[in-house]
Amino acid sequence: MLKLSGEALQGGMGFGVDPKVLTAVAREVGTAAKQGVEVAIVVGGGNYFRGTSAWDGLERATADYVGMLATCMNALMLQSALEKQGVATRVQTAIEMKEIAEPYIRRRAIRHLEKGRVVIFGAGTGAPFFSTDTAAALRAAELDVDVFMKATKVDGVYDCDPALNPNAKMHKRLQYNDVMTQNLRVMDETAITLCKENEIPVVVFNLYTPGNIMRALCGDANQGNPAGRRGQRA
Ligand code: GTP
């Protein structure tokens, strides 16, 4: 399971999708898929709209639904970018919009993965008050994936924000509980709890470093994870 934040897709543009970032991601995911790794993707929507930072007067549930629609735009563009790389894909959405994508059907998603198609999930969990990290953890558990790969704008999990503190220290390895007790904010608690309860290893890596998706999949010593072999599911 590869979790891509919408914000990461905007690259240096500040809004929307940077075609260069999208193409680079598609190329790397394509390399993994062509090597036989089964890849599922949940994409966020923060490059268009973020439910949690909506203005006063817009109720949270509505804001979250708008955010879910934003993820679907990213899912469709990612599908297009992947298909340009010759990768077979299917988009499934948690809110039915069947003129543009398949509805989410767990067993169907699994068959797509088994057939070597990259499956992109849009519309989060389909319910408000959940993050797309939680959607990714939920789908990861449902699909029984080998690894949860969280793509970020930094190299890993730090003890404090590396953008604000140049002395921030990166953690090489953490227990699930550490994320909660040390309030590390790499993922929200619902997402990390789902990963913990289902024993899904989480790898956090920098999306902008070329080769990192494959490195994370193949189990770089620093990132130490079990996926990346033919027939593995991520
Ligand atoms: P197999 O049964 O493994 O061949 O899977 P498949 O996805 O190729 O079969 P299907 O004939 O169901 O789908 C063909 C195309 O239609 C694919 O691109 C699907 O994503 C798309 N598709 C299937 N169901 C829906 C749907 O409900 N809405 C939309 N928009 N597309 C769909």
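Residues numbered from 1 in each chain as written. Predicted model: local features only at pLDDT ≥ 70, side-chain atom pairs only at ≥ 80, totals over all residues. Heavy atoms only, no water.

- An unreviewed UniProt entry annotates the chain as Uridylate kinase of Coccomyxa subellipsoidea.
- The Pathway (unreviewed entry) field of the UniProt record for the chain holds the comment "Pyrimidine metabolism; CTP biosynthesis via de novo pathway; UDP from UMP (UMPK route): step 1/1."
- Taken from UniProt, the Sequence similarities (unreviewed entry) comment for the chain reads in full: "Belongs to the UMP kinase family." (UniProt positions renumbered as here; feature names shortened; annotations may be inferred.)

1. Observations concerning the site of the ligand
Link 1 in the chain: Around the ligand, the neighbouring residues are Arg90, Lys98, Glu99, Ile100, Ala101, Glu102, Pro103, Arg108, His112, Lys115 and Arg117.
Link 2 in the chain: Note that an oxygen atom of the ligand is positioned 2.4 Å from one of the side-chain N or O atoms of Arg108.
Link 3 in the chain: Considered on its own, the ligand offers 620 Å² of accessible surface; in the complex 51% of this is hidden by protein.
Link 4 in the chain: Listed by contribution, the elements that provide at least two residues to the shell around the ligand are β4 (102-103) and α4 (106-114). (Near = heavy atom within 4 Å. Polar contact = N/O pair within 3.5 Å; in protein donor to acceptor, adjacent residues only side chain to side chain. Areas by Shrake-Rupley, 256 points an atom, 1.4 Å probe, with all protein chains shown as cover. Helix = DSSP H or I, 4+ residues; strand = E, 2+ residues; numbered from the N terminus.)

2. Structural notes on the confidence of the model for the chain
Link 1 in the chain: Averaged over the chain, the pLDDT score is 91; the fraction of residues at 70 or greater is 94%.
Link 2 in the chain: Within the model, the stretch residues 223-229 combines pLDDT values under 50 with 26 contacts to residues more than four positions away or in other chains. (pLDDT = per-residue confidence, 0-100. Contact = heavy atoms within 4.5 Å.)

3. Here we look at the pairing of strand β9 (residues 202-206)
For a regular strand, side-chain orientation follows a simple rule: the groups alternate between the two sheet faces.
Link 1 in the chain: Counting buried positions along β9 yields four of five residues, so the element is predominantly enclosed.
Link 2 in the chain: Across five bridges, the pairing between strand β6 (residues 148-152) and β9 is parallel. Across the sheet, the residue bridging to Thr152 is Asn206, located in β9. (Buried < 20%, exposed > 50% of the residue type's maximum accessible area, 1.4 Å probe, protein only. Pairing = 2+ DSSP bridges.)

4. Focus on helix α2 (residues 19-34)
Link 1 in the chain: Between its first and last C-alpha, α2 extends 22 Å over 16 residues, near the 22 Å set by a 1.5 Å rise per residue.
Link 2 in the chain: Residues of α2 that are buried: Val21, Leu22, Val25, Ala26, Glu28, Val29, Gly30, Ala32 and Ala33.
Link 3 in the chain: The secondary structure elements touched by the buried residues of α2 are β1 (2-4), α1 (6-9), β2 (40-43), α3 (60-84), β5 (118-122) and α8 (212-218). (Expected span 1.5 Å × (residues − 1).)

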